[in-house]
Amino acid sequence: MAKIILEKSPLCHDGISLDNWKIYRISFKSEDTVRRIENIISSADQSETFMLSLILYPHITGKDVEEPVKSLKLRVEKLLNEIQDYNTLEAEPSNWTSLQNAFYELSTIIETLIHLNQSEIVDLHEVTSKLLRYCTDAKFTPTLRILDQVLVVQPVDKLNFALFQTIHDKLELNLSSQSHEVRLLTAHIFQNFSNLPELQQPKESIFEIIYKCENVVSTVQTYRDQLMNLQKLSATMELFRGMSGTLCRLDPLRYLLGVYHINFNLLWKPVSKLIGEYSTKLPITEFWPIFREKLNSTTVNIRNPIVDSELSISADFKSSALHEQFDKMWTASDRTDYVNYRILLWRMMADCGQLVETKNREIVEIFFGFHRH
């Protein structure tokens, strides 16, 4: 039955598609059947039956959610503590499966609670602090989806500037990630805070613009609209001028460097021009560290590419429905051409005369590092 439900009303897995979720009503003739399902959920025993019941439960009519919700919230707290205690630095890749399973269960429980209209799943700051350490790691991209879901359903008064600062300080580098999904989810997470007085812009917020740019598949038919939005991020436009001294003023540059990862060459030349504008409008002390970090990290990624086995680990579920959902959550889809990215960075720098003159020694060292690899 869970498989049928997933076909009629798939899990969202992130906050972007929550509004599209629909209830597919299930009515059982016997109340005992509903109570048995609720008892399974209240047990929170991590079994496949428990996980399948989570998928069914929001769609069941005649349910009494009080005890199941109480048990699920306790289970969320326990999972968050387990996740916090896990040492990814010491663990071998083969042992990441237990952590991936924990995130899979956490994601499913949180989405179930959301569909049961339980926005206050657990303390927001606790969820944030325990997930953020994983949200910049390519191996654990689904943690961004979980964080996005939690933030989307929060009351406006819970999303304050202090929380935004905490999240932004950790995730700002994600805007130039090689992964489309990471850029998209990060922009959407930031967009949740766009109505804060500290972040409000006269028209569109920076994160609304970035999200629009990233939420489009680049084609010959769509790229002109995409370019129009990218132009709004120009260092010569009102948006950037109005961001002087703000926490986010360097985010457009970070994102534009991420656009180089989009495999659509009609975007690259206009984006190079936009990045070049930032090289002249920003002090070199602000522009160069961001640009240099991309140069250096690209070299590292060329030397030590992430292999698929590090990103995708398949779980051993008997249920095909659970297996498919796990694979959907964890299978990596992005393939990055770091050599091409490096070429684009180098070509762009050729137009930055003042930067090249000022940072000549560092650039020469980086150039020879490129030449060796």
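Going by the structure above, here's the rest.
Residues numbered from 1 in each chain as written. Predicted model: local features only at pLDDT ≥ 70, side-chain atom pairs only at ≥ 80, totals over all residues. Heavy atoms only, no water.

(A) How the structure looks around the nonpolar core. The biggest cluster of nonpolar side chains holds 118 residues, and the ones touching the most others in it are Phe-103, Leu-106, Leu-230, Ile-275 and Phe-291. By residue number, the principal contributor to this core is helix H5 (residues 96-115), which donates ten residues. Among all residues touching Phe-103, those that are not within four sequence positions of it are Ile-83, Leu-131, Tyr-134, Phe-140, Thr-143, Ile-146, Met-329 and Trp-330. (Core = buried A, V, L, I, M, F, W, Y, C linked by side-chain atoms within 4.5 Å. Buried < 20%, exposed > 50% of the residue type's maximum accessible area, 1.4 Å probe, protein only. Helix = DSSP H or I, 4+ residues; strand = E, 2+ residues; numbered from the N terminus. Contact = heavy atoms within 4.5 Å.)

(B) Spatial organisation of the layout of surface pockets. Of the voids in this model, the second largest pocket is the one considered here, and its volume is about 380 Å³. Around the second largest pocket, the lining comprises 20 residues; the ones closest to its centre are Arg-183, His-261, Ile-262, Asn-263 and Asp-334. Looking at the lining of the second largest pocket, the elements that each hand over two or more residues are helix H9 (180-191) and helix H18 (338-349). For the lining of the second largest pocket, a count of residues per class yields seven nonpolar, eight polar and five charged. (1 Å grid on protein atoms, 1.4 Å probe; cavity = no way out; pocket = protein on both sides within 12 Å on 5 of 7 lines; lining within 4 Å. Points joined across faces, edges and corners; volume = space filled by probe spheres on them. Nonpolar A, V, L, I, M, F, W, Y, C, P; charged D, E, K, R; others polar.)

(C) Focus on the packing of helix H2 (residues 31-43) against helix H4 (residues 66-85). Across the interface, H2 lies against H4 with an axial gap of 8 Å and an inter-helix angle of 20°. In terms of their interaxial angle, H2 and H4 are classed as roughly parallel. The way H2 lies across H4 gives a crossing that is left-handed. Along the contact surface, H2 presents Glu-38, Ile-41 and Ser-42, while H4 presents Glu-67, Pro-68, Ser-71 and Leu-72. Partitioning the contact of H2 with H4 into residue classes produces three nonpolar, two polar and two charged. (Axes fitted to C-alpha atoms, helices over the stretch in contact; angles between N-to-C directions. Parallel < 35°, antiparallel > 145°, perpendicular 65-115°, else oblique. Left-handed = near helix turned anticlockwise from the far one by under 90°.)

(D) Summary view of the state of the cysteines. Inspection of the entire model under this criterion finds zero disulfides. No disulfide involves Cys-248; its nearest neighbouring cysteine sulfur is the one of Cys-213, lying 16 Å away. Look at Cys-248 and you get buried, because its relative accessible area is 3%. (Disulfide = S-S within 2.5 Å.)

(E) Structural detail: empty space enclosed by the protein. Tallied over the entire structure, the rule returns one cavity of 30 Å³ or more. Taken as a whole, the largest cavity holds about 30 Å³ of empty space. As for the largest cavity, its lining consists of Leu-11, Trp-21, Leu-54, Ile-55, Pro-58, His-59, Thr-112 and His-115. For the lining of the largest cavity, the secondary-structure elements that each account for two or more residues are helix H3 (48-56) and H5. Classifying every residue of the lining of the largest cavity by side-chain character gives five nonpolar, three polar and no charged.

(F) Inspection of the packing of helix H15 (residues 284-303) against H18 at higher detail. The interhelical angle for the contact between H15 and H18, taken along N-to-C directions, is 150°, at an axis separation of 9 Å. If you check the angle between H15 and H18, you find them roughly antiparallel. For the element pair H15 and H18, the recorded crossing hand is left-handed. Counted together, Phe-287, Trp-288, Phe-291, Lys-294, Leu-295, Thr-298, Asn-301 and Ile-302 of H15 and Tyr-338, Val-339, Tyr-341, Arg-342, Leu-345, Met-348 and Met-349 of H18 form the full contact between these two elements. Split by residue class, the contact of H15 with H18 holds eleven nonpolar, two polar and two charged.

(G) Broad picture of a nonpolar patch on the surface. Taken together, the side chains of Val-364, Phe-367 and Phe-368 define a hydrophobic patch exposed on the protein surface, amounting to about 250 Å² of accessible area. Inspection of the secondary structure puts Phe-368 in helix H20 (residues 360-372). Looking at Phe-368, the relative accessible area reads 43%, which means it is partly exposed. (Patch = residues over 30% accessible without salt bridge, like charges linked within 9 Å, V, L, I, M, F, W, Y side chains within 5 Å. Areas by Shrake-Rupley, 256 points an atom, 1.4 Å probe, with all protein chains shown as cover. Salt bridge = Lys/Arg side-chain N within 4 Å of Asp/Glu carboxyl O.)

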